[in-house]
Amino acid sequence: MIPYTVNIKLAARTLTGTLNLQNKTAVDWGWQGLIAQGCHSSILIIDPKTAQTIQVLERHKANVVKVKWSRENYYHNLSSPYCLRLASGDASGKIVVWDVVSGTAHCEIQEHSKPIQDLEWLWNQDASRDLLLAVHPPNYIVLWNGDTGTKLWKKSYAENILSFSFDPFDPSNMALLTSEGIVFITDFSHSKPPGSAGKKVYIASPHASPAHTKPAPAAAPAPTGAKKALNKVKVLITNEKPTAEAVTLNDCLQLSYLPSKRNHMLLLYPREILILDLELSQTVGVVAIERSGVPFIQVIPCAQRDALYCLHENGCITLRVCRSTAAPEESVQELVYDLRSQCDAIRVTKTVRPYRMVICPVNENSAALMVSDGRVMLWELKAYTGRAAANPSSGLSPLYSPVSFCGAPLGPNQKRIQDLSLNSMIGQTLIAGETPPQSSNQQEVQLKFLLTGLLSGLPLPPFALRMCPPLTTKNINHYQPLLAVGTSNGSVLVYNLTSGLLHKELSVHSCEVRGIEWVSLTSFLSFATSAPNNMGLVRNELQHVDLPTGRCFAFRGERGNDEPPIEMIKVSHLKQYLVVVFRDKPLELWDIRTGTLLREMAKNFPTVTALEWSPSHNLKSLKKKQMAAREAMARQTVSDAEQSSVESSVISLLQDAESKSETSQAISAREHFVFTDTDGQVYHITVEGNTVKDGARIPPDGSMGSIACIAWKGDTLVLGDVDGNLNFWDLKARLSRGIPTHRGWVKKIRFAPGKGNQKLLVMYTDGAEVWDTKEVQMVSSMRIGRNVNYRILDIDWCTSDKVVLASDDGCIRVLEMAMKSASYRMDEQDLTDPVWCPYLLLPRAALTLKAFLLLQPWSGTFTMDITQVDMKSVLQDPELSLLQRCLLVSRLFGDESDLNFWTVASHYLQSFAQARQLIVSTAEGQAQNEGTQPSPQNHLDICHDVLCESSYFQKFQLDRVHLQEVKRSSYEHTKKCADQLLLLGQTDRAVQLLLETSADNSSYYCDSLKACLVTTITSSGPSQSTIKLVATNMIANGKLAEGVQLLCLIDKAADACRYLQTYGEWNRAAWLAKVRLNPAESSDVLKRWAEHLCSPQVNQKSKAILVLLSLGCFYKVGEMLHSMRHFDRAALFIEACLKYGVMEAAFLDYARLLRSLGLREGAALWASRAGSAGEQLMEELPPKETHFVSSFPQQVK
């Protein structure tokens, strides 16, 4: 008969446990919608929506210290598809860039051998998406190509670099947090290393430097707590090195730019967060904790709103939102961040503490907290309408929710997704000089955190493993691959290995579980021993656990107190008998079915070192005998009675019933076991019913040491000893063969399940091996220090070709027989809950799905078979406009570049339409003036900076200068404020500041003259021309800023912008154009900027498109999108413009794209709109296939 192996397909996987301290910072939530987390040397990929681990990446040898998802800020098509790319750095300085779906590495990078300090993908230029910036200790930053592993450049700095942060508004600016202060770099570029060493600033610790405290008036009471901190942080940034007694930056935990407004940065200290305005190098806001409060660990600033997520040392996450400064009568003293919501804290102990939190970058309304014990807590922020019941004295102004959905006003019957993203939950922060919204159409909201998911890891090792009995043809219908894991705290965890999820956690024992044996597919025995007393005696617990009900009872009844510890328990092959072996006490033999003790061996019984049940038994012959006896009886009965009165069928039924009841009554089959004593003698014992017979004894083998374990399957018996020898006995041929492995003590040996499968798994102190006992040769081997860096604690087979290993890094790994730690392919996974992640699809399928969601005008109504229920009803809603749909789909796909484009496009298309100015400008003609400003409730958020409307942008800048003025504390600051006020046209206030200069200041004379000049400027011809001449001379001689100021004084800001652009100050020119010029002039300046952005050496076309959108040059945008081959974006944009089909070419290419994806009806529709060229394509299209759309979603699944 051919040996037949049944294998239920189990994917290789890793069950992870507690984190290492070095994993503390290794976590990231990507635009792709997944969380990556380092756990020892592996990386978990977690789906936060369903709270399940969908991949574990294994390749690092050292602990992982940093992980970073690549950014999705680029246009996606078949050549640059949606893909899951992740970079990870470890403690030995190695960086691996992963293809997460297949679990393989794109490349490995090694520069030095110290832990990587920080990693970031560059996201800002259109040319390359593969650039990865890394900090290699102590003081190098290196730019790598993350696809090939090539080093592009390397730069060293004077101090040790701790971390870095990029300016989200200007990619050439970055800040390095070093051990001594901050280094600002303004010339970062991917083509060459920064030229200068950067501008170094030192930070006096907010508590230490006495020079900066304000002298308090004598009568005033001493300020307390947070107030004191506010006084001390008046000036923080100095260019000189602080004196020795001033504590330097050593307690600054984190530095980040604020993505919600330009030129602001936050510094995190354990007890306060400082908000700096970088133009002034001055603190403009402080979030301080009272003396009794819980210190900060980490803070994440949001982009969509000026808000901060803060993590505290007790694991509590708080959300603080910047207070509106709308009331004009209050003069704003500083930026205030009000606490708006907080979640529950966790119980912090020595081993359990919060490590890091991450927030969803797409929607910014969900957070995940990593705890050191391997838990991941998933919190979602929810908005509830209704007024606060809190005391009115708290002084918090209400938060309002915007009455719009996906960037457009909500239709009367329109369905919306509650809490889609942070900016759809709370409205914009108001700034001074704005009218507060009418409360009629806005709802007041409260924010609350809700725990929506929890992932828990394995507890601390050691573990005892046992896989449930193997799959057979008889149990195939109800088989579940369950693995029982005994832990050090006495509980038993049962994992389902198909999904890798915890099936049950049972608290069975009060001390460490030493071993587990299954007695059926749904019940097991486990034993635990307490710590020994001074006599060396322990309390033994042997429990019988029934899985479906969770019922457990003490198998040995009252026995177990004060006796020698149990060494092992062994269950016979038919699960009839149990042997319990003790250390210094004869073994016990139990009947499992009745729970009775069959025999307690005599005192002179030999000490057992290893024991194993034989796989042979007489159950089959017993059953045959029984059946024969039954049939004879049945025949006898029937021949006596009248044959006619009893139907033969009834007889057969009776026979069946009887035979069934008989077999279910215990037939006691005969079983055998062998064991060895301390001398290596092998004993053979037979058990039948309640009789126990002693059989043959085999003398010890001279070549073997003390026998440590035995395994028996078929005709092969294997013995392993403490010296690392394996002895293979062939019982049929009566041959024995000894093999020295030279690996030391053989801890455990186990045969693989499956008929005729003679593979053997061997565990040593330093690793494991798989042997083929037929050929008597080793198949595979793993050894600590050679190919793995963890020690193996326990082993077992989980299927006929996969092994499961527990290791001291707290993980349990299911591996192929080759025992190579490897990641698995995500698409082979059997997940319990379906995961929404387009990045997991093949590139073509992902793009087809996107096209399918964006537009189905060929079918009239929207059809969908996607599992996301709430999304489904919204996407099928006929009221959902095209712009809203584009925005929603870009959120669903986590597509950063799409989201940016559609947010700006949707805003300006609507605002120009409102102003009745949606005139698609002809190719030569200029764009129309920006016309009437849309109502102030509908600004583009300030995080879009110069893309915002001029009026809103001006108000914001005035607000900011006002705050800088309040906060200034030195002559330098005052000078900067005066300069800003002059540029903003606030001459009166500027003069006041200029006149404040004290007489002993070297600039006293200049400032006084400047004040006179500003007040006396007339618009007469001669003075104008003189000033213009002086200004141009100044600019020519390198005094650009001063020259620009003079030009602004005589209302020649347009010339000033031109000079700024000539000298490469493009951002400054755009800023000035927004705050000083009329729409037509401003539009010219910004168009020149857009041209500059498109130039090959800058190559930021996507940014140029956003600038053109804000100017209303929709025709040019359509043209550029088309020339950049962004066909779907171009076609949808023009469709949204709803104007004369000026851009038929884009329609045509979109039709071709849809045809290549196989969406025939879509291709036909777009081709029909593309004029004559489209008619040609229509003829090329294949004849209509039937029922294509209805069958399509199944393919996507």
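As the structure is a computational prediction, the values presented were derived from the model and not from experiment. What you see as residue numbers is a count from 1 along each chain, following the sequence as written. With the structure being a predicted model, the display of local features is reserved for residues of pLDDT at least 70 and the display and counting of side-chain atom pairs for 80 or more, all residues being used for whole-chain, interface and lining totals. Hydrogen atoms and water are omitted, and side-chain values are computed over all heavy atoms in the structure.

1. Some details on the overall build of the chain
Next, step 1: Helix numbers and strand numbers start at the N terminus; a helix is a DSSP run of H or I with at least 4 residues, a strand a run of E with at least 2. Within the chain, the regular secondary structure consists of 24 helices and 60 strands.
Next, step 2: In the chain, which comprises 1197 residues, the proportion classed as buried is 55%.
Next, step 3: In this analysis, two residues are considered to be in contact whenever any of their non-hydrogen atoms come within 4.5 Å of each other. Relative to all contacts within the chain whose residues are 6 or more apart in sequence, the contacts with residues 24 or more apart total 55%.
Next, step 4: Every accessible area reported is derived by Shrake-Rupley at a probe size of 1.4 Å, with residue values counting cover from the shown protein chains alone. Of the roughly 51,700 Å² of accessible surface on the chain, a fraction of 52% belongs to carbon and sulfur atoms. To sort residues, take the accessible area from a 1.4 Å probe on protein chains only and compare it with the maximum for the residue type: under 20% means buried, over 50% means exposed, and anything in between is partly exposed.

2. Brief notes about the packing of helix 19 (residues 1114-1123) against helix 20 (residues 1127-1137)
Next, step 1: Working convention: axes come from line fits to C-alpha atoms, limited for helices to the stretch in contact. Angles between N-to-C directions cover 0 to 180 degrees. Following both chains from N to C, one finds helix 19 and helix 20 inclined at 160°, their axes separated by 8 Å at the closest point. The orientation of helix 19 relative to helix 20 falls into the category roughly antiparallel. Considering how the two elements wind past one another, helix 19 and helix 20 form a crossing that is left-handed. Taken together, the residues of helix 20 that come into contact with helix 19 (itself represented by Phe 1114, Val 1117, Gly 1118, Leu 1121 and His 1122) are Phe 1127, Arg 1129, Ala 1130, Phe 1133 and Cys 1137.
Next, step 2: Charged means Asp, Glu, Lys or Arg here, nonpolar means Ala, Val, Leu, Ile, Met, Phe, Trp, Tyr, Cys or Pro, and polar covers whatever is left, Gly included. Residue classes in the contact of helix 19 with helix 20 are distributed as seven nonpolar, two polar and one charged. Here the word oblique covers every angle except those under 35 degrees (roughly parallel), over 145 (roughly antiparallel) and from 65 to 115 (roughly perpendicular). Here a crossing is called left-handed whenever its near helix is offset anticlockwise from the far helix by less than a right angle, and right-handed whenever the offset is clockwise.

3. Notes on the pairing of strand 6 (residues 64-69)
Next, step 1: Within strand 6, six of the six residues are buried, leaving the element largely enclosed by the surrounding structure.
Next, step 2: Note on pairing: two strands pair once DSSP finds at least 2 bridges between them. With five bridges joining them, strand 6 and strand 7 (residues 85-90) adopt antiparallel strand pairing. Its bridge partner lying in strand 7, Trp 69 is registered against Leu 86.

4. A few points about the packing of aromatic side chains
Next, step 1: Only Phe, Tyr and Trp rings take part, Trp by its six-membered ring, and two of them pair if their centres are within 6.5 Å. Stacked means planes under 30 degrees apart, edge-to-face means over 60, and tilted covers everything else. Tallying each qualifying case throughout the model produces 18 aromatic pairs.
Next, step 2: When the ring of Tyr 82 is compared with that of Tyr 839, the centres are 5.3 Å apart and the planes differ by 85°; the resulting orientation is edge-to-face. Pair noted here: Tyr 82 is in the loop between strand 6 and strand 7 and Tyr 839 is in the loop between strand 60 (812-816) and helix 5 (843-854), with a separation of 757 residues, a long-range link. Tyr 839 carries the same exposure label as Tyr 82, and that label is buried.

5. Comments concerning the sheet that holds strand 44 (residues 588-591)
Next, step 1: In space, the four strands of this open sheet follow the order 42-43-44-45, with antiparallel pairing throughout. At either margin of the open sheet sits one strand with a lone partner, and together these are strand 42 (566-571) and strand 45 (596-600). Strand-to-strand twist across the sheet, computed as the mean angle between neighbouring axes with direction ignored, equals 20°.
Next, step 2: Of the pairings in the sheet, the one linking strand 43 (residues 577-582) to strand 44 comprises four bridges and is antiparallel in character. In the strand pairing of strand 44, Leu 578 is matched with Trp 590.

6. Some details on the sheet that holds strand 34 (residues 464-467)
Whenever strands of a sheet pair, they do so through backbone hydrogen bonds, lying parallel or antiparallel.
Next, step 1: A sheet is described by the order of its strands in space; here four strands give the open sequence 34-35-36-37, paired in antiparallel fashion. Edge positions in the open sheet fall to strand 34 and strand 37 (501-507), since each of these has one partner strand only. Geometrically, the sheet is characterised by an average inter-axis angle of 20° between neighbouring strands, direction not taken into account.
Next, step 2: Relative to strand 35 (residues 482-486), strand 34 runs antiparallel, the two being bridged by four bridges. Note on strand 35: the bridge partner recorded for Ala 464 is Gly 486.

7. As for helix 13 (residues 1021-1036)
Side chains of residues three or four places apart in an α-helix project in the same direction, reflecting 3.6 residues per turn.
Next, step 1: The length a helix should cover is 1.5 Å for every residue beyond the first. Across its 16 residues, helix 13 extends 23 Å between first and last C-alpha, which sits within 8% of the 22 Å expected from 1.5 Å per residue.
Next, step 2: By the burial criterion, the buried members of helix 13 are Gln 1024, Ile 1027, Ala 1031 and Ile 1035. Seen end-on, helix 13 carries its buried residues on one side only, within an arc spanning 70°. Across from the buried face of helix 13, at angles greater than 90 degrees, the exposed residues are Pro 1022, Leu 1029 and Ala 1036.
Next, step 3: Positioned one or two residues after helix 13, Gly 1038 has a phi angle of 90°, which is positive. Arc definition: directions from the helix axis to the C-beta atoms.

8. Regarding the state of the cysteines
Here a disulfide denotes a covalent bond joining the sulfur atom of one cysteine to the sulfur atom of another.
Next, step 1: Two cysteine sulfurs form a disulfide in these notes if their separation is within 2.5 Å. Per the stated rule, a full pass over the model turns up zero disulfides.
Next, step 2: The thiol sulfur of Cys 468 is not disulfide-bonded, and the nearest other cysteine sulfur, from Cys 798, lies at 9.8 Å.
Next, step 3: When its relative accessible area of 5% is taken as the criterion, Cys 468 is described as buried.

9. Remarks on the environment of Thr 148
Next, step 1: Summarising the element assignment, Thr 148 is placed in the loop between strand 12 (140-145) and strand 13 (151-156).
Next, step 2: Its relative accessible area of 51% is what places Thr 148 among the exposed residues.
Next, step 3: With 18 residues separating them in the primary sequence, Thr 148 and Asp 130 have C-alpha atoms 8.7 Å apart.
Next, step 4: The term polar contact refers here to a pair of N or O atoms within 3.5 Å; inside protein, the definition further demands a hydrogen-donor-capable atom paired with an acceptor-capable atom, and it admits residues adjacent in sequence only when both atoms are side-chain atoms. At 2.4 Å, the side chain of Thr 148 and the side chain of Thr 150 are in polar contact.

10. Re the packing of helix 9 (residues 950-967) against helix 10 (residues 971-984)
Next, step 1: In the contact formed by helix 9 and helix 10, the axes pass within 10 Å of each other and the chain directions differ by 155°. With respect to each other, helix 9 and helix 10 are oriented roughly antiparallel. At the point where helix 9 passes helix 10, the crossing takes the left-handed sense. Of the residues in helix 10, those touching helix 9 at Gln 957, Leu 958, Val 961, Gln 964 and Glu 965 are Cys 977, Gln 980, Leu 981 and Leu 984.
Next, step 2: Within the contact of helix 9 with helix 10, the residues separate by chemical class into five nonpolar, three polar and one charged.

11. Observations concerning helix 19
Next, step 1: Within helix 19, burial applies to Phe 1114, Tyr 1115, Val 1117, Gly 1118, Met 1120 and Leu 1121.
Next, step 2: If you follow the buried residues of helix 19, they end up packed against helix 8 (896-914), helix 17 (1079-1094), helix 18 (1101-1111) and helix 20.
Next, step 3: Within two residues after helix 19, Arg 1125 carries a phi angle of roughly 65°, on the positive side.

12. A few points about the confidence of the model for the chain
Low pLDDT marks stretches whose predicted atomic positions should not be read closely.
Next, step 1: Predictor confidence is given residue by residue as pLDDT, running from a minimum of 0 to a maximum of 100. Residue-level pLDDT values for the chain average 82, and 83% of them are 70 or greater.
Next, step 2: Across residues 207-235, confidence stays below pLDDT 50; counting only partners more than four residues off in sequence or on other chains, it has 36 contacts.
Next, step 3: pLDDT under 50 marks residues 858-869. Its contacts with residues more than four places away, or in other chains, come to 28 contacts.

13. Considerations on the pattern of salt bridges
Next, step 1: A side-chain nitrogen of Lys or Arg and a carboxyl oxygen of Asp or Glu constitute a salt bridge if their distance falls within 4 Å. Summed over all chains, the structure comprises 49 salt bridges.
Next, step 2: For Asp 808, the salt bridge goes to Arg 791, with nearest N and O atoms at 3.9 Å. Residue Asp 808 is found in the loop between strand 59 (802-807) and strand 60, and its partner Arg 791 is found in the loop between strand 57 (777-783) and strand 58 (792-799); the two are separated by 17 residues along the sequence.

14. A few points about the environment of Gln 758
Next, step 1: Along the chain, Gln 758 falls in the loop between strand 54 (746-751) and strand 55 (759-764).
Next, step 2: Remark: the alpha-carbon pair of Gln 758 and Lys 774, spanning 16 residues in sequence, is separated by 6.3 Å.
Next, step 3: Discounting chain neighbours no more than four positions away, the residues touching Gln 758 are Lys 713, Thr 716, Phe 751, Trp 771, Asp 772, Thr 773 and Lys 774.
Next, step 4: Separated by 3.4 Å, the side chains of Gln 758 and Thr 716 make a polar contact.

15. What about a positive patch on the surface?
Next, step 1: Taken together, the side chains of Lys 474, Lys 620, Lys 623, Lys 624 and Lys 755 make up a positively charged region of the molecular surface.
Next, step 2: Secondary-structure assignment places Lys 624 in helix 3 (residues 619-640).
Next, step 3: When its relative accessible area of 66% is taken as the criterion, Lys 624 is described as exposed. Like-charged residues within 9 Å of one another, or nonpolar side chains (Val, Leu, Ile, Met, Phe, Trp, Tyr) within 5 Å, are grouped into patches, provided each residue has over 30% relative accessible area and no salt bridge. As used throughout, the charge tally considers Lys and Arg to be positive and Asp and Glu to be negative, leaving His and the chain termini uncounted. Charged side chains are reduced to one point each, which is NZ for Lys, CZ for Arg, CG for Asp and CD for Glu.

16. What about the pairing of strand 4 (residues 42-47)?
On any regular strand, side chains alternate: one points to one face of the sheet, the next to the other face.
Next, step 1: Judged by how many residues are buried, strand 4 sits mostly within the fold: six of six residues are covered.
Next, step 2: Burial of strand 4 is two-sided: the residues Ser 42, Leu 44 and Ile 46 facing one way and the residues Ile 43, Ile 45 and Asp 47 facing the other way are all buried.
Next, step 3: Pairing analysis gives five bridges linking strand 3 (residues 35-39) to strand 4, with the strands arranged antiparallel. Paired with Gly 38 across the two strands is Ile 43, which belongs to strand 4.
Next, step 4: Counting the residues between successive antiparallel strands, the hairpin from strand 3 to strand 4 contains two residues, one of them, His 40, with a positive phi of roughly 55°.
Next, step 5: Relative to strand 5 (residues 52-58), strand 4 is paired through six bridges, and the arrangement is antiparallel. Note that in strand 5 the partner of Ile 46 across the bridge is Thr 53.
Next, step 6: The hairpin turn running from strand 4 into strand 5, its antiparallel successor, is four residues long, and Ala 51 in that turn takes a positive phi close to 50°.

17. What to know about the nonpolar core
Nonpolar side chains in soluble globular proteins tend to be buried together.
Next, step 1: Grouped together as the largest cluster of nonpolar side chains are 152 residues, with contacts concentrated most on Ile 45, Leu 86, Leu 1072, Leu 1109 and Phe 1133.
Next, step 2: Every residue in contact with Leu 1072, bar those within four places of it in the chain, is listed here: Leu 983, Val 1044, Cys 1048, Ala 1053, Ala 1056, Cys 1057, Leu 1060 and Leu 1077.
Next, step 3: Counting 31 residues, the second-largest nonpolar core is a separate cluster that includes Met 467, Val 494, Leu 497 and Leu 547. Grouping buried Ala, Val, Leu, Ile, Met, Phe, Trp, Tyr and Cys residues that are joined through side-chain atoms within 4.5 Å yields what is termed a nonpolar core.

18. Considering unusual backbone geometry
Next, step 1: Here the amide bond leading from Pro 137 into Pro 138 is cis, since omega sits at 0°, within 30 degrees of zero.
Next, step 2: Locating Pro 138 in the fold gives a position in the loop between strand 11 (131-136) and strand 12.
Next, step 3: Here Pro 461 and Pro 462 are connected by a cis peptide whose omega angle stands at 10°.
Next, step 4: Its place among the elements puts Pro 462 in the loop between strand 33 (443-455) and strand 34.
Next, step 5: Even without being glycine, Asn 263 reaches a positive phi, approximately 60°.
Next, step 6: Phi at Arg 1125 is positive, roughly 65°, even though this residue is not glycine.
Next, step 7: Structurally, the position occupied by Arg 1125 is in the loop between helix 19 and helix 20.
Next, step 8: With a relative accessible area of 54%, Arg 1125 lands in the exposed category.

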